[in-house]
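Fold and geometry: a report
Here is what each chain is made of, one letter per residue.
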Amino acid sequence: MGHRRHGGSALMGKPDFRTPMSRARGLGAAHHGAAEWLSNGLMAAALVPLTLWMVFAVLRLAQLDYYGAVQWIRSPVNVSLMVLTVVIAFAHMHHGMRVVIEDYVHQRLGKLGAVALSLFVSGLAGALTVFSILKVALGGA
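What comes next is a walk through the structure. (Residues numbered from 1 in each chain as written. Predicted model: local features only at pLDDT ≥ 70, side-chain atom pairs only at ≥ 80, totals over all residues. Heavy atoms only, no water.)

Moving on: the nonpolar core. Among the nonpolar cores identified, the biggest contains 11 residues, and these are W53, A57, W72, I73, V79, M82, V83, V86, V130, I133 and A137. The set of elements that each furnish at least two residues to this core consists of α2 (33-62), α3 (66-73), α4 (76-104) and α5 (108-137). Here the element with the most residues in this core is α4; it accounts for 4 residues. The residues contacting M82, other than those within four sequence positions of it, are W53, M54, W72, I73 and I133. (Core = buried A, V, L, I, M, F, W, Y, C linked by side-chain atoms within 4.5 Å. Buried < 20%, exposed > 50% of the residue type's maximum accessible area, 1.4 Å probe, protein only. Helix = DSSP H or I, 4+ residues; strand = E, 2+ residues; numbered from the N terminus. Contact = heavy atoms within 4.5 Å.)

Here the focus is the environment of A91. Locating A91 in the fold gives a position in helix α4. Since its relative accessible area comes to 35%, A91 is described here as partly exposed. Remark: the alpha-carbon pair of A91 and L119, spanning 28 residues in sequence, is separated by 8.9 Å.

The residue R98 is located in helix α4 in this model. For R98, a relative accessible area of 18% translates into the label buried. Reaching out from R98, the side chain makes a polar contact with the side chain of E36 at a distance of 3.3 Å. With near-sequence residues (within four places) excluded, R98 lies in contact with E36 and V115. (Polar contact = N/O pair within 3.5 Å; in protein donor to acceptor, adjacent residues only side chain to side chain.)

We now examine α2. With 30 residues, α2 should cover 44 Å at 1.5 Å per step; its first-to-last C-alpha distance of 42 Å lies within 8% of that length. Within α2, the axis deviates most sharply at V48, by approximately 30°, and proline P49 lies no more than four positions further along. Within the sequence span of α2, burial applies to E36, M43, L47, L50, W53 and A57. On its buried side, α2 packs onto α3 and α4. (Expected span 1.5 Å × (residues − 1). Bend = angle between axes of the 7 residues up to and from the residue.)

On to the side chain of S122, then. Turning to its location among the elements, S122 is positioned in helix α5. In this structure, S122 is in contact with F90, M93 and H94, ignoring residues within four places of it in sequence.

Let's shift gears to a nonpolar patch on the surface. A grouping of L117, F120, V121, L124 and L128 is seen on the molecular surface, where their side chains present a nonpolar patch of about 490 Å² in accessible area. Mapped onto the elements, L124 comes out in helix α5. Given the relative accessible area of 41%, L124 is considered partly exposed. (Patch = residues over 30% accessible without salt bridge, like charges linked within 9 Å, V, L, I, M, F, W, Y side chains within 5 Å. Areas by Shrake-Rupley, 256 points an atom, 1.4 Å probe, with all protein chains shown as cover. Salt bridge = Lys/Arg side-chain N within 4 Å of Asp/Glu carboxyl O.)

Function-wise, these values are silent; they only describe arrangement.
Below, the structure written as structure tokens:
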């Protein structure tokens, strides 16, 4: 019999008579894989026009001085699109990192720690970026 990561009984010398489906139940993202795939696809699809807009924004901002850039970011449309881009990009980044961690980190505690660290770093970086954008847009800079 081959090595089974989660089979348990096969590792102790006892035959495992369960079906492949019964062995797979409860082992991973089988219950929410489609929803995660859909949410990741929607985030990626939303990032396409937002990234194109961001490229335009960077090219536009490069032509302005400090005061022109501040005026540009104070536009409700510009600040909203910039914050939306940042929030979706960091959420998409965390989702991608979580998938990689779940696929390649096999120790339960290591996986939990890595996912928590990814969430913390993504959340902190995203929050600091949004705070910085809003500080400039609302006149605090």
